[in-house]
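Topology and contacts: notes
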Amino acid sequence: MNHVTVPPVTRRSVLFGSGALVLAFSLRPAFAQTITSPGGETQNFQEVELEAPELPGSLKMTPQLDSWIRVDADGSTTVFTGKAELGQGIKTALLQIGAEELKVPFESLKLIGPDTSLSPNEGYTAGSHSVQDSGTAIRHAAAQVREILIGEAARRFNLAADTLKAEAGAVIAPDGRSVSYRDLIAAELINVQAQPTSKLTDTAAFTEMGKPRQRIDIPAKVTGGAAYVQDMRPEGMVHGRVVRPPSPGARLTALDASSVEAMPGVLRVVRDGSFIGVLAEREWVAINAMRTLSSLAQWQESATLPGMDDLPAKLMALPMEDGIVIDDQKVVSPASTHEATFTKPYQMHGSIGPSCAVAVLNEGVTTVWTHTQGVYPDQQAIAEMLRVPVEQVRCIHTEGSGCYGHNAADDAAADAALLAQALPGRPVKLQWMREQEHSWEPYSPGMVTQVRAGLDANGNIVDWDYGVWSNSHNYRPGPAGNLLPAQYLERGFEQQQAELKITIEGNGDRNSNPIYAFPSRHVVWHFLKETPLRVSALRGLGAYMNVFSLENFMDDLAGVAKADPVEFRLRHLTDERARDVVTRAAEMFGWKAGQQAPQNHGYGFAFARYKNLAAYCAVAMEVKVEPETGRVRMIRASAAVDAGEIVNPSGIANQVQGGIIQSASWTLYENVTFNDTRITSVDWSTYPIMRFDALPDVIDVDIIPRPGTAFLGAGECSQGPGGAALANAITNATGNRIYDLPLTREKIRQAASAA
Amino acid sequence: MSGSKILRYLGALVVLILVGLGIFVAIAWRSEIPASDPPVTSAIDPALVERGAALAAIGNCNVCHTKAGGEVFAGGLPLPTPFGTIYSTNITPDPETGIGRWSEEAFIRSMREGVDREGRHLYPAFPYDHFTKVTDDDNRALYAYLMTRKPIEAEAPDNELPFPLNIRMVLAGWKILFFKEGEYQDDATQSAEWNRGHYLADGLGHCGACHTPRNQLGAEKKDELYAGGESEGWTAYALNAASPAAVPWTVDSLTHYLSNGWEEKHGVARGPMAPVTANMMSASDGDARAIATYVVSVMGEPSPERVARGEAALQQATRHPPGIQVQAAGGQTVPVAATSEDRGAKIYAAACSSCHDAGRPVPYGGLPLNLSTATYGPTPLNPINVILYGLPAPEGERGPIMPGFQGVLDDAQVADLLSYIRANFSDEPAWADVQETVAHVRAGEEDTELRSLSSGGSAPANPTRRETSW
Amino acid sequence: MVALTVNGQSHQIEASPDTPLLYVLRDELGLNGAKYGCGLGQCGSCTVMVDGEAVFSCVTPLLLLEGREVTTVEGLGTIENPGPMQQAFIEEQAAQCGYCIPGMMMRAQALLQSNPGASDEEIRAHMEPNLCRCGTHMRIMAAIKRAGSLMQTAANGAAPSGATERAG
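Residues numbered from 1 in each chain as written. Chains lettered and ligands numbered in written order. Predicted model: local features only at pLDDT ≥ 70, side-chain atom pairs only at ≥ 80, totals over all residues.

Some points on the interface of chain C and chain B
Each partner contributes to the interface: chain C provides 16 residues, whereas chain B provides 17 residues. Ranked by the residues each element gives to the side of chain C that touches chain B, the list is headed by strand E4 (residues 53–56) of chain C, at 4 residues. (Contact = placed C-beta atoms within 7 Å. Helix = DSSP H or I, 4+ residues; strand = E, 2+ residues; numbered from the N terminus.)

Listed below in structure tokens is the structure:
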């Protein structure tokens, strides 16, 4: 990655130039209409225009086949995607899908994107949509391209298309004649739109999909190959650092930077309002310059944070608006009613590698290499921040460390873009420091949930009333005001006020409507309009807390009904696939009704279907609790997952295991701390996360095969059930439930010693 | 002399020896208290158990009676002594391998007299010379607590002691010389709080077991109480007038240290004191303050010189951004970095200054070394442990993390660094044999198990001092 | 000017003596393995070996490295010819975002070089200073065990044993 070219081209002109494939056919049905859809998380919950709503996956927004597939004059094949590799392995999965349907060898297929100049706009890589949306689009587009090529070969061979087959980049006739894709390419280029249905390869015939193919990116990552934006070293590159204020409410009052400007190796000190940045030839010089500037800057701070005392009450006292998630209340006469309140603090992404971006201003165009989840929205936001037309910004996704949602990647991109304006022609690598990432990334909002349920005389749930207090979990750019540096510029931008929207996928209310069958229910999102701390999307959004609450409460109710937790859940589950994962996880674990864990051990169970739309996941866990110290050790976990059609089982298992461990860390340890002015959890000593000492011996993952069904996103499916199963296991061990996250050792010690 | 006379004298000698042995055995022999069935745990008063838990925390029972990776109270921890290795016993209520068959009477006797249920003398590695002070009531609470723990089947390894020390009866002799049995008696001239602190510190807390020097036979030197000692490869600093702390301890500061495991003007508990302070979290605040009250009284009123020196150290505690040249101020600090040819100064500037001079408040920031007791102590043992092995991250809790430098500093470099720190940050004379000590520690001859600040404790979420902004 | 060896090659590094080794490796030598994670010695993404011991390169200043031998992940093998540690991590697919992995590998390498048959408890205790946020720990454990087994059989000259148990 030492040489950077920034071609001033559009994707289309590239295709023209290389004499690529003609996609010979036609046209959308007449009278097809563009419709506006409410938009899910990938579209920032904004309305989106669907050019072709009848098409599958992201083809709805980008219906041209040549937006997704390219076959060059030399026969090389490329797949385009607007979804980013975040470490979830989708580069490999999407290539598997493309290779499967296009019938080319996996090794020969290339993947491009996301890149605002080259790839389809698929919004954000978020909400476990990558395989569901991009994978589906690529699958159909590749299948249709294959059929077009077969059709072209049929024309040349003068044979019926259905006698031919495609294999290894060529079309083969029954008499042995074959013609390679390279030779099938016509000189003309026609844009063609996809059809609503495709001739998809049968699961039984899969050679690529469904196989645990090794990820293409891992070999470079373990041998020191260039893999991340941090590894870019374009010619003429300089190092940039930003000095952030001491607190969110702070404003710069004075800065005499002359001594820093005079430091050898310092190229420029940039100051714009309260935004301070420094550029130097060498990285260590930039860091020292940043630290010195930090000591010289004078700030006016103000107490804008709520402080941590009584946080749940403070959250519930914020101005709010009620959004009805579901109102299906019937008149029932429960034999008993029960209620509980759960709380969750602010928690952070805590990406292991602080955010980074490389940006360069060349001939009026600022190109930014960034690990943002959304190159197109970032392009818009950065252009707005720089006050230039959107065509003058290009965003190219380059991997960073795992982001788990909206972390500081977009802000680092904006920082880099700003600093790049100061030294046109020189690429700026802008690296955030650990303390900056911890202090300034958008957190997962603090939440409060209240649940009330009625049981009949047989112990069945007849009524369910649930309320969740939460900010929106989505403050992504979007608008420039949602970029951190833009808020501190002289001509600054305000963070945009989020609006309450009840959507199918959910936001703070994600998974607040249980998938269980209750005769009567009422679920409301008490949407908190003000954001005392900067917040946005963390993996799962509201689902982690909502599943935590409802699954903990299900155990409470099972206790009242004197029922086994697994049997109690099955009682209320009518969805067959849900029942299957529950049964399978229990079976894997060896769950027996009436079982008794050894002293100080506990067994716990939890289940959820992510968003009630995506993958199903059930988790059974055994823990050991040390009552004297409150220490918890997971002993073993069993997880059953149903992700629909499986692309890469190893990738799914990796995500499920990782989600269980990550949410165990959230559940046991994590808590952003702050006083009335500053964030105080600024590094790993003040914000501990799981280390090797607390690991279980084993996490078994079983994926239930569902051939021929739709892809279901699995990237976030185990966070909710994992955390809830852990809490249920701890409760089983200590005999007392803790309702306030995180389940610290102090709380567990008290729960263990309480009567 | 005639043969018969010699025989008679020899005979008399033999009789004397036998009588002497007889008297000795008579004194030394203890009866076995019959094994009893374990008490019915449900019948035990939960309030008594809770009181016992708080007392066990002060006694730090779990620290000795738990081995690394083992179950709590199941014993098996090797305790290195100058005489050999002694393994802690299983004090869970397991009937076969623990104390499940001990009656309350047997338990109280073990604490009061240092004798187990079967009547065998216990090695004073179990500090009954302190526990003897514990009242019967408190012992009952401890008994209730231990009997309600989870029984674990675990046999401790045999002690590794040479003859004749492996014969327990010999300990009776030790006891005759050094052990004074008896419950704590209040000192009427002192306040209730002082007495409580004295009772806890000298009793269950057994502070002197580490903080008092021992004689050749391993007994605490009664005329040098709290004059400092060593424990498991760490220096336990003097708690009397010879306390090396730069800023003299006060009741407030010592209470804070005991309750939190760190104190901003003194340091962080990181060796064997780490679990002690962690356990203090389970004790009441009043008890920590009582202990502090007593210990500060042992230290005595600091002289005006000491007070002035402490104030000067505080003035100079540097608060400037890392990596920046430290400005000289008075005589105690000299400019760090390039100008000095001192290898130690260069190492300090490059490897330590960025945390220790960052101005970030303790416990998360590096302590300014001119405030650290370790800088002023009699030996460099503690700083060597920390420099080589760092401070490991606590499990799932907030707490300081310091990287270890054993991989990059060789013995000579550590020695240079320590000489610089000693000279630059304290007014004490140079340490002797630093490099030898480093080699000694690195070779694992000292059993320096580094503990993180954890096990029930948690450094506060909101330190009162503000953090750096970058 | 400091002379040190990195992955078997001698270098003369001209940089200020307090420059952390991490930046020497990444910027002066263009090596990608060691990563910036915190700069505070808390996370281990920067872990490399110096004379066979695992160190945090972010808090190791250049001046301490005169005449020392530094090994980074690039010194364990290449993409064409991966060493046992790299081979094991590829076989076990022990990475999600992969950012922490080179640090994990170097830390593990320091352990396995002297104790290739390390037990689970020993591995866990040894790896404690290194953080992984994606939750890939189970596969990292499996990969380290696999690497130890590959190293042992290589030392014995025998064919590698069968694949280790893996979850999922």
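Considering the interface of chain A and chain C
Across the contact, 52 residues belong to chain A and 51 residues belong to chain C. Contributions of two or more residues to the side of chain A that touches chain C are made by helix H5 (218–222), helix H7 (283–296), helix H15 (649–668) and strand E26 (698–703) of chain A. Ranked by residues supplied to the side of chain A that touches chain C, first place goes to H15 of chain A with 9 residues. Of the residues belonging to the side of chain A that touches chain C, the class tally is 21 nonpolar, 20 polar and 11 charged. (Nonpolar A, V, L, I, M, F, W, Y, C, P; charged D, E, K, R; others polar.)

A word on the domain arrangement of chain C
Size of an interface, as often reported, equals the accessible area lost when the parts are brought together. All names here are of chain C. Under the domain assignment, chain C is made up of domain 1 (2–75) and domain 2 (76–156). The interface is formed by 16 residues belonging to domain 1 together with 14 residues belonging to domain 2. Mapped by element, the contributors of at least two residues to the side of domain 1 that touches domain 2 are strand E3 (47–50) and E4. It is E3 that contributes the most residues to the side of domain 1 that touches domain 2, 3 residues altogether. Classifying every residue of the side of domain 1 that touches domain 2 gives 7 nonpolar, 7 polar and 2 charged. (Domains from an automatic or database assignment.)

Some thoughts on the domain arrangement of chain B
Once the domains are mapped, chain B shows domain 1 (41–178) and domain 2 (319–442). Computed over C-alpha atoms, the centres of domain 1 of chain B and domain 2 of chain B are 39 Å apart.

Brief notes about the sheet that holds E26 of chain A
All names here are of chain A. Overall, mixed pairing links the 4 strands, which are arranged E23-E24-E25-E26 in an open sheet. The open sheet has two edge strands with one neighbour each: strand E23 (601–609) and E26. Ignoring strand direction, the axes of neighbouring strands in this sheet form an average angle of 15 degrees. Two elements, E23 and strand E24 (residues 616–626), share 9 bridges in a ladder whose sense is antiparallel. Paired with Gly604 across the strands is Met621, a residue of E24. Strand contacts of H15: E24, strand E25 (631–642) and E26, with the helix running at about 135 degrees to E26, the strand carrying the most contacts. (Pairing = 2+ DSSP bridges. Axes fitted to C-alpha atoms, helices over the stretch in contact; angles between N-to-C directions.)

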